[in-house]
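This is what each chain is made of:
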Amino acid sequence: MQNAPLSKRTFLGYLAAVPVGLAALKGLDLGFVSTASAAAPAAAPAPTGPFALPKLPYATGALSKAIDKQTMEIHHGKHHQAYVDNLNKEVAKDDKLKGKSIEDIVYSVSKYPAAVRNNGGGHWNHTFFWNIMTPDKTEMSPELSAAITTAFGSVEDFKTKFEEAGTKQFGSGWAWLIVNKSGKLEITSTPNQDNPLMDDAKVKGTPILGNDVWEHAYYLRYQNKRADYLKAWWSVVNWTKVSELYKQAKA
Ligand code: MN
């Protein structure tokens, strides 16, 4: 029997069931979502908050230039949902996590167990990821373009170096473009669901671009060819959003 893709009805059904409210990361509107109430109903078998799966800012098939619809459905509806559910389970059993935002958790992640790191990082990273992609044609701001040229030689050189960071990340992880403490652009990568905001990250900074290089992000279309996925991915990057994040990180 074949694995059935997530049906449209199921997909829309759970989206409709998600309570939505936007939170911000230091004023950056990344579309993070949490419910107003941290308390799960007494009869519920599993905690349904405080964290919730954010809606995608486009249809699941909209990025098919680079990422196929089924991958988006599974990646968002199953993988990201699992990070959210597992993070909620951690919150339910640890009073220290009550009332904490996803940013609070990520910034002090070294204080928490591995499950909080993996699922909290997973929730932050994926929410960020959905929001820096778009089906629309976008352009980077002159400021970002100039900063990339200064840091990496040219936009093309930057893309090559970013793709290298993604292909060289052994196993699962992420490639990032960050604004570091000196206000300079830097490319880095992290294992698993770590990110450069984590207090114990080897290379710290504010992410303005990030690509998921877990096999679940690309395997259906690209199989073992991670480099092809990294190259195709540029066609769906939301440069308008990345330029805004750059401006805010520099402010
Ligand atoms: Mn992923």
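Described below are features of the structure shown in this document. (Residues numbered from 1 in each chain as written. Predicted model: local features only at pLDDT ≥ 70, side-chain atom pairs only at ≥ 80, totals over all residues. Heavy atoms only, no water.)

1. Quick word on the packing of aromatic side chains
Here is step 1: Counted by the stated rule, this structure contains 16 aromatic pairs.
Here is step 2: Between Phe128 and Trp176, the aromatic rings sit 5.9 Å apart at their centres with planes inclined by 55°, giving tilted as the arrangement. Of the two residues, Phe128 is situated in helix H4 (residues 114-131) and Trp176 in strand S3 (residues 173-179); the sequence distance between them amounts to 48 residues.
Here is step 3: Accessibility expressed as a relative area gives 0% for Phe128, which makes it buried.
Here is step 4: What makes Trp176 buried here is its relative accessible area of 0%.
Here is step 5: Centroid distance Trp233 to Trp234: 5.6 Å. Interplanar angle 55°. Geometry classified as tilted.
Here is step 6: Judged by its relative accessible area of 10%, Trp234 falls in the buried class.
Here is step 7: Each member of the aromatic cluster is reached from another via a ring pair, and the members are Trp124, Phe128, Phe129, Trp130, Phe152, Phe158, Phe162, Trp174, Trp176, Trp233, Trp234 and Trp239. (Phe/Tyr/Trp six-rings, centres within 6.5 Å; stacked < 30°, edge-to-face > 60°. Helix = DSSP H or I, 4+ residues; strand = E, 2+ residues; numbered from the N terminus. Buried < 20%, exposed > 50% of the residue type's maximum accessible area, 1.4 Å probe, protein only.)

2. Focus on helix H5 (residues 142-152)
Here is step 1: Within H5, the full set of buried residues consists of Leu144, Ala147, Ile148 and Phe152. Axial view of H5: buried residues confined to an arc of 100°, hence all on one face. Opposite its buried face, H5 presents the exposed residues Pro142, Glu143 and Thr150, each directed more than 90 degrees away.
Here is step 2: Of the surrounding elements, those touching the buried residues of H5 are helix H6 (155-168), S3, strand S4 (185-191), strand S5 (206-212) and helix H9 (239-250).
Here is step 3: Gly153 sits one or two residues past H5 and shows a positive phi near 100°. (Arc of directions from axis to C-beta. Contact = heavy atoms within 4.5 Å.)

3. So, the coordination of the manganese ion
Here is step 1: Taken together, the protein ligands of the manganese ion are His75 (NE2), His126 (NE2), Asp212 (OD) and His216 (NE2), with distances of 2.0 to 2.1 Å.
Here is step 2: With relative accessibility at 0%, the residue His126 sits in the buried group. (Donors = N, O, S within 2.8 Å, 3.2 Å for Na, K, Ca; no water.)

4. Quick look at the nonpolar core
Here is step 1: Formed by 60 residues in total, the largest nonpolar core has its most connected members in Phe158, Leu177, Leu185, Leu209 and Trp233.
Here is step 2: At six residues, S3 tops the list of elements feeding residues into this core. (Core = buried A, V, L, I, M, F, W, Y, C linked by side-chain atoms within 4.5 Å.)

5. A word on the sheet that holds S4
Here is step 1: Across the sheet, three strands lie side by side as S4-S3-S5; this open sheet has antiparallel pairing. Each edge of the sheet is formed by a strand with only one pairing partner; in this case those strands are S4 and S5. Taken pair by pair, the neighbouring strands of this sheet meet at an average axis angle of 25°, ignoring direction.
Here is step 2: Direction of pairing for S3 relative to S5: antiparallel, over a ladder of six bridges. Its bridge partner being in S5, Ala175 is matched across the sheet by Asn211. (Pairing = 2+ DSSP bridges. Axes fitted to C-alpha atoms, helices over the stretch in contact; angles between N-to-C directions.)

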